[in-house]
Amino acid sequence: QVQLVESGGGLVQAGGSLRLSCAASGSISHITDMGWYRQAPGKQRELVAVITRGGSTNYADSVKGRFTISRDNAKNMVYLQMNSLKPEDTAVYYCNTKTMRWALVFDYWGQGTQVTVSS
C-alpha cells in the first residue's frame, strides 16, 4: 500500500500563490501517474493536473498557465505550484497516485488539504 501526506494548503488572497507538496511512502516501487484533484462542497471532484513517471503533464483548462505540476521520482514526491489564485480555486485539494504491478492497478488518495482564496 501507498500512503500520501499533503502539505502547503491555507488561506491566501486573490492573486497570491501557494505550493502544495505530497510525499508518498510505503510500496512505492511501481508508482506510475501522480496528480492533484480538487473538490468544492456540492461539486464533483475534478482533475487539476497529472504527471506521468516520465514527466508528461496534463492540466485542466481552468488552471493552464497558472498552475505547474512537477515530481521528484527519487524522493517520491509530487508538487503543485499555484500562481495567480482566484476565488474559484477554493476547494479541498487531494493528492493522487496510481500503481501498477502484474497488470493490477491500484489508486491511492491523500487526506486532502484545504485551499481558500479570498476575494
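Look up: the structure comes first, before these words.
Residues numbered from 1 in each chain as written. Predicted model: local features only at pLDDT ≥ 70, side-chain atom pairs only at ≥ 80, totals over all residues. Heavy atoms only, no water.

Draft legend 1. Main features of the packing of aromatic side chains. In this structure the tally under the stated criterion is one aromatic pair. Ring geometry for Tyr37 and Trp109: centres 5.0 Å apart, planes at 65°, overall edge-to-face. A residue pair is termed long-range when its members are at least 10 positions apart, and Tyr37 in strand 4 (residues 31–39) and Trp109 in strand 10 (residues 104–109) qualify at 72 residues. One Lys or Arg, Arg19, reaches over the ring of Tyr79 and ends 4.4 Å from the middle of that ring. Its guanidinium or amino end placed over the ring of Trp109, Arg45 lies 4.5 Å from that ring's centre, counting from NZ or CZ. (Phe/Tyr/Trp six-rings, centres within 6.5 Å; stacked < 30°, edge-to-face > 60°. Helix = DSSP H or I, 4+ residues; strand = E, 2+ residues; numbered from the N terminus. Lys NZ or Arg CZ within 6 Å of the ring centre and 35° of its normal.)

Draft legend 2. Representation of the environment of His30 within the structure. Checked against the element boundaries, His30 lands in the loop between strand 3 (18–26) and strand 4. Classification of His30 by relative accessible area gives partly exposed; the value is 33%. In the structure, His30 is positioned 44 residues away from Ala74 in sequence and 13 Å away in space, judged by C-alpha atoms. Every residue in contact with His30, bar those within four places of it in the chain, is listed here: Lys98, Thr99, Met100 and Arg101. (Buried < 20%, exposed > 50% of the residue type's maximum accessible area, 1.4 Å probe, protein only. Contact = heavy atoms within 4.5 Å.)

Draft legend 3. A look at the pairing of strand 11 (residues 113–118). Burial of the side chains of strand 11 is restricted to one face: Thr113, Val115 and Val117 are buried, whereas none of Gln114, Thr116 and Ser118 on the reverse face is. The sheet contact formed by strand 2 (residues 10–13) and strand 11 spans four bridges and is parallel. From the neighbouring strand, Gly10 faces strand 11, where its bridge partner is Val115. (Pairing = 2+ DSSP bridges.)

Draft legend 4. How the structure looks around the pattern of salt bridges. The final tally for this structure, using the stated rule, is five salt bridges. Here Arg38 and Asp89 are joined by a salt bridge, their closest N and O atoms 3.0 Å apart. With Arg38 in strand 4 and Asp89 in the loop between strand 8 (77–82) and strand 9 (91–101), this residue pair connects regions lying 51 residues apart in the sequence. As far as the burial class goes, Arg38 and Asp89 line up, both buried. Of the charged contacts, one joins Asp89 and Arg66 as a salt bridge, the two residues approaching to 2.8 Å between their closest N and O atoms. In this pair, Asp89 is assigned in the loop between strand 8 and strand 9 and Arg66 in the loop between strand 6 (57–59) and strand 7 (67–72), connecting sequence segments 23 residues apart. Taken together, the salt bridges that share partners define one network made up of Arg38, Glu46, Arg66 and Asp89. (Salt bridge = Lys/Arg side-chain N within 4 Å of Asp/Glu carboxyl O.)

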